[in-house]
Amino acid sequence: MDLRIFTEPQQGATYETLLTVAKATEDLGFDAFFRSDHYLKMGDVDGLPGPTDAWITLAGLARETRRIRLGTLMTAGTFRLPGVLAIQVAQVDQMSGGRVELGLGAGWFEEEHKAYGIPFPKEKFGRLEEQLAIVTGLWETKLGETFDFRGEYYTLTDSPALPKPAQDRIPVLIGGHGATRTPRLAGRYADEFNMPFASIEDSERQFGRVREAVRAAGRRPEDLVYSNALVVCAGKDDQEVARRAAAIGREVDELKANGLAGSPAEVVEKIGRYQEAGSQRIYLQVLDLHDLDHLELISAQVQSQLS
């Protein structure tokens, strides 16, 4: 079971804070550092000092880290043209020596689009499907050949399809709860399917749908990684758990019901139940980015029992 650290910088974080967390992620033996792709805070926080851009952040971290994988859950398809995104991700992959992964979603948070003047189209899923075809198609085009695409939303003509990533294939993550279209997209394009903030039962059901879609696409279900993203709030005792829950504005009982909360033994036990449902990787949503002791506890007493 891989454990990855997943951050939400739109809630309030500087690049320096993210760098500190990424270095701790690497030093403590976690598999990867991922971040959300949002430009507006959510909920009752001030969000100061303001948003950081996902791919600019990852470019910086690519040069400041050496081992961990780097990626997004999920890059918003509404934020970037697919040709531009393919260039950005390939460049960061080169800068990292081949450690990048691309989580790509349709985009959903209308308020942040209004706040920063970003178009928010009504039909987003069809655009996402074309974006996946374009990004992966550009990367897969052989050197010296060109890439063309004509869709309903995007047209590319005689693209040199450059630059190329350092990796032969950048892993593509697709995720979500949709019962039909999401599994179909995952079946065609995904290297990993992520189920965000879902129960064990819903995760098992959705993993099954994705496996069927992968077979229908002529691929092997075992060639994909199946993962979950879950909030984490661990503590060595009840008082520490309560303190960490209060620091992120959540209730302990709610966190235990909907995430990974409690003692290290409780967290390990619940991760085991997700593993039984088919999950192979957990993205630990860490909301208090200044509490590095939290990461140390998870590394020493949770990750150590899963490796």
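Residues numbered from 1 in each chain as written. Predicted model: local features only at pLDDT ≥ 70, side-chain atom pairs only at ≥ 80, totals over all residues. Heavy atoms only, no water.

Engineer: What exactly am I supposed to notice about the pairing of strand β1 (residues 2-7) here?
Structural biologist: A regular strand places its side chains so that they alternate between the two faces of the sheet. With 5 of 6 residues buried, β1 is to be regarded as a mostly interior element. Taken together, the 3 bridges between β1 and strand β2 (residues 32-35) define a ladder with parallel strand orientation. Considered in β2, the bridge of Ile5 is made with Phe33. Crossover connection from β1 via helix α1 (residues 15-27) to parallel β2: handedness right-handed. (Buried < 20%, exposed > 50% of the residue type's maximum accessible area, 1.4 Å probe, protein only. Helix = DSSP H or I, 4+ residues; strand = E, 2+ residues; numbered from the N terminus. Pairing = 2+ DSSP bridges. Right-handed = clockwise from strand over helix to strand, strands pointing away.)

Engineer: Would you take a moment to explain helix α11 (residues 292-306) for this structure?
Structural biologist: Given 3.6 residues per turn, any residue in an α-helix points the same way as the ones three and four places further on. Its 15 residues place the ends of α11 20 Å apart at the C-alpha level, agreeing with the 21 Å of an ideal helix rising 1.5 Å per residue. Largest kink in α11: about 35°, centred on Ser299. Those residues of α11 that fall on the buried side of the exposure criterion are His294, Leu295, Leu297, Ile298, Ser299, Val302, Gln303 and Leu306. Packed against the buried residues of α11 are β1, α1, β10 (225-234), α8 (238-247), α10 (264-276) and β12 (281-286). (Expected span 1.5 Å × (residues − 1). Bend = angle between axes of the 7 residues up to and from the residue. Contact = heavy atoms within 4.5 Å.)

Engineer: Would you mind going over the packing of helix α2 (residues 54-64) against helix α3 (residues 82-96) with me for this structure?
Structural biologist: Pairs of packed helices are described in terms of their axes, by the angle between the two and the distance that separates them. α3 packs onto α2 with a crossing angle of 15° between their chain directions and a minimal axis gap of 8 Å. In terms of orientation, α2 and α3 fall into the roughly parallel class. In the crossing of α2 with α3, the sense of the turn from one axis to the other is left-handed. Packed against α2, whose contacting residues are Trp55, Leu58, Ala59, Ala62 and Arg63, the element α3 presents Leu85, Val89, Val92, Met95 and Ser96 at the interface. (Axes fitted to C-alpha atoms, helices over the stretch in contact; angles between N-to-C directions. Parallel < 35°, antiparallel > 145°, perpendicular 65-115°, else oblique. Left-handed = near helix turned anticlockwise from the far one by under 90°.)

Engineer: Would you mind showing me how to read the pattern of salt bridges here?
Structural biologist: One side chain can pair with another of opposite charge once the charged atoms of both are near each other. Applying the stated rule across the entire model yields 23 salt bridges. Here Asp37 and Arg80 are joined by a salt bridge, their closest N and O atoms 2.8 Å apart. Placement of Asp37 in the loop between β2 and α2 and of Arg80 in the loop between β4 (75-76) and α3 is noted, with a sequence separation of 43 residues between them. Residues Glu110 and Lys114 are paired through a salt bridge, measuring 3.9 Å at the closest nitrogen-oxygen approach. With a gap of 4 residues between them, Glu110 and Lys114 both fall in helix α4 (residues 110-116), about one helical turn apart. Note on Glu110: relative accessible area 34%, which makes it partly exposed. In the salt-bridge network here, residues are joined through shared partners; they are Lys236, Glu240, Arg243, Arg244 and Asp291. (Salt bridge = Lys/Arg side-chain N within 4 Å of Asp/Glu carboxyl O.)

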